[in-house]
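# A structural walkthrough
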Amino acid sequence: MRIILLGPPGAGKGTQAEKLVKKYKIPHISTGDIFRAALQEGTELGLRAKEYMDEGKLVPDDLVVDIVKERLEQDDTKNGYLLDGFPRTLAQAEALDESLRTSGTPLTGVINVDVEPEELLERLTGRRVCRGCGSTYHIKFNPPTVRSVCDKCGAELYQRDDDTVETVKQRLEVYRQQTAPLIDYYSGQGILFTVDGSREIEEVFREITSILDQQ
Ligand code: AP5
Ligand code: MG
Ligand code: ZN
């Protein structure tokens, strides 16, 4: 199962990814998570990525593509993987296609999680993320049992630096201009499945798995 989760910031890619990788036992590859982890470790990559992330802009294609290619060469991707937040530009999609052609491993499907822009701002500004295990919560839509504490591992929850109103607006605009064209790109390949991401988390999950189980 080789899947891409496509969708605007806040659509629920990370939330659904957590559940999907558990069900299908495949690795979750999120370029955003890779950059945040690199920053935490204080590496050159993390510091470079931060400059773009803090402004809500995309990290340059060449940097992102190399990281994903390397990641996809690791052994744990042999039985599939879930890409979350990659590709995000046509150039990234073309580079990915090229390398999948070379390895003879086509994508199973691209799940486009569709949510109206008006809803995304509230989702993102209310998001909280676990410092320990990376699980995602929402103060209103998906609150932890104890305020600011992760249900799964007990670690502290924090708010992402790029989840401020200003940066979110910029990220949504970048999505509209640079990432939304991928909907047509994958639809043209006949592998795009659009789900209504505005419903309850469990309902969205059910729809995605019923699509994937038919592939
Ligand atoms: P990244 O980390 O990928 O962020 P993003 O795409 O902006 O997406 P988010 O993680 O914000 O949203 P999500 O869809 O995962 O939503 P979530 O499930 O958390 O990228 C960050 C930055 O890194 C980019 O801006 C860029 O700078 C850089 N970057 C990353 N990849 C790159 C690439 N390929 N190329 C270049 N640059 C790249 O849910 C959001 C909130 O909503 C949560 O609080 C959740 O609890 C809640 N929620 C989820 N589902 C529902 C639901 N159904 N109903 C109600 N609430 C819900
Ligand atoms: Mg995410
Ligand atoms: Zn946790």
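Residues numbered from 1 in each chain as written. Chains lettered and ligands numbered in written order. Predicted model: local features only at pLDDT ≥ 70, side-chain atom pairs only at ≥ 80, totals over all residues. Heavy atoms only, no water.

### Thoughts on the coordination of the zinc ion (ligand 3)
Condition: Each metal's donors comprise the N, O and S atoms found within 2.8 Å of it (within 3.2 Å for Na, K or Ca). Water is not part of the atom list, so some coordination spheres may appear incomplete. Here the metal geometry follows the donor angles, with tetrahedral for four donors whose angles all fall between 85 and 135 degrees, square planar for four and octahedral for six when opposite donors are more than 155 degrees apart and every other angle is between 65 and 115, and irregular for all the rest.
Bound to the zinc ion (ligand 3) are the protein donor atoms C130 (SG), C133 (SG), C150 (SG) and C153 (SG), situated 2.3 to 2.4 Å from the metal. Coordination at the zinc ion (ligand 3) is tetrahedral, judged from the 4 donor atoms that bind it and the angles of 95 to 115 degrees they form at the metal.

### So, the sheet that holds strand β6 (residues 136-138)
The condition that has to hold: Each pair of strands is called paired provided DSSP finds at least two bridges between the two strands. Runs of E in the DSSP output that reach at least two residues are strands. Runs of H or I that reach at least four are helices, and both are numbered from the N terminus. The contact criterion used is simple: two residues touch if any of their non-hydrogen atoms lie within 4.5 Å. Fitted lines through C-alpha atoms give the axes, limited to the stretch in contact for helices. The angle between two N-to-C directions lies from 0 to 180 degrees.
Judged by pairing direction, the sheet is antiparallel, and its 3 strands sit side by side in the order β6-β5-β7 without closing on themselves. Every other strand in the sheet has two partners, leaving β6 and β7 (157-158) as the edge strands with one partner each. Across 3 bridges, strand β5 (residues 127-130) lies against β6 in antiparallel orientation. Bridge pairing in β6 places R127 opposite H138. Across the sheet, helix α6 (residues 117-125) lies against β5 and β6, angled at about 45 degrees from β5, the strand it touches most.

### Some details on the pairing of strand β1 (residues 2-6)
Stated formally: Relative accessibility thresholds used throughout: buried, under 20% of the residue-type maximum; exposed, over 50%; partly exposed, between the two (1.4 Å probe, protein chains only).
Counting buried positions along β1 yields 5 of 5 residues, so the element is predominantly enclosed. Alternating positions in β1 separate into two faces, R2, I4 and L6 on one and I3 and L5 on the other, with burial throughout. Looking at chain direction, β1 and strand β3 (residues 81-84) are connected through 4 bridges and run parallel. Along β3, the bridge assignment pairs I3 with L82. Relative to strand β4 (residues 109-114), β1 runs parallel, the two being bridged by 4 bridges.

### A closer look at the site of ligand 1
Stated formally: Each residue is tested against the molecule or strand, and it is near if at least one of its non-hydrogen atoms lies within 4 Å. Here a polar contact means two N or O atoms within 3.5 Å. Within protein one must be a hydrogen donor candidate and the other an acceptor candidate, and residues neighboring in sequence count only if both atoms are side-chain atoms. Per-residue and other accessible areas were derived by the Shrake-Rupley procedure at a 1.4 Å probe size, with only the shown protein chains allowed to occlude residues. In this classification, Asp, Glu, Lys and Arg are treated as charged, Ala, Val, Leu, Ile, Met, Phe, Trp, Tyr, Cys and Pro as nonpolar, and every other residue, Gly included, as polar.
In the vicinity of ligand 1, 35 residues are found, and the nearest of them are T15, K57, R88, R127 and R171. T31 places a side-chain nitrogen or oxygen 2.7 Å from a nitrogen atom of ligand 1. A distance of 2.5 Å separates an oxygen atom of ligand 1 from a polar atom in the side chain of R88. Summarising the interface, the protein chains cover 97% of the accessible area of ligand 1, which totals 1000 Å² for the free molecule. Taken together, the elements giving at least two residues each to the shell around ligand 1 come down to α1 (13-24), α2 (31-40), α6 and β6. Take the shell around ligand 1: its biggest share by element is 4 residues, from α2. Of the residues that constitute the shell around ligand 1, the class distribution is 13 nonpolar, 11 polar and 11 charged.

### Side note on the sheet that holds β1
Adjacent strands of a sheet pair through backbone hydrogen bonds, lying either parallel or antiparallel. An order of β2-β3-β1-β4-β8 is seen for the 5 strands of this open sheet, with the pairing classed as parallel. Looking at which strands have only one partner, the edges of the open sheet turn out to be β2 (28-30) and β8 (192-196). Each neighbouring strand pair of the sheet contributes to a mean axis angle of 20 degrees, computed without reference to strand direction. Relative to β8, helix α9 (residues 201-213) is tilted by about 160 degrees, and along the sheet it contacts β1, β4 and β8.

### Side note on empty space enclosed by the protein
Going by this rule: Grid spacing is 1 Å over the protein atoms alone, the probe is 1.4 Å, and a cavity is where that probe fits but cannot get out, while a pocket is an open set with protein on both sides within 12 Å along at least five of seven lines and lining residues have an atom within 4 Å of a point. Grid points are joined across faces, edges and corners, and a volume is the space filled by probe spheres set on the points.
Tallied over the entire structure, the rule returns 1 cavity of 30 Å³ or more. Taken as a whole, the largest cavity spans an internal volume of roughly 30 Å³. Every element with two or more residues in the lining of the largest cavity is listed here: α4 (61-72) and α5 (90-103). Counting residues per element, the lining of the largest cavity draws most heavily on α4, at 4 residues.

### Points about the packing of aromatic side chains
Defined as follows: Classification of ring pairs rests on two measures: the distance between centres of Phe, Tyr or Trp rings, Trp counted by its six-membered ring, which must be within 6.5 Å, and the angle between planes, read as stacked under 30 degrees, edge-to-face over 60 and tilted in between.
Evaluation of the coordinates by the stated rule reveals 1 aromatic pair. Each ring, one from Y185 and one from Y186, has its centre 5.0 Å from the other, and the planes form 85 degrees; the classification is edge-to-face.

### With respect to α1
Rules: Every helix has an expected span of 1.5 Å times one less than the residues it contains.
Taking 1.5 Å per residue, 12 residues should reach 16 Å; α1 reaches 16 Å between its end C-alpha atoms and fits that length. Every buried residue of α1 is listed here: K13, T15, Q16, A17, L20, V21 and Y24. Structurally, α1 contributes buried residues whose contacts are with β1, β2, β3, β6 and α9. Looking one or two places after α1, you find K25, whose phi comes out positive at around 50 degrees.

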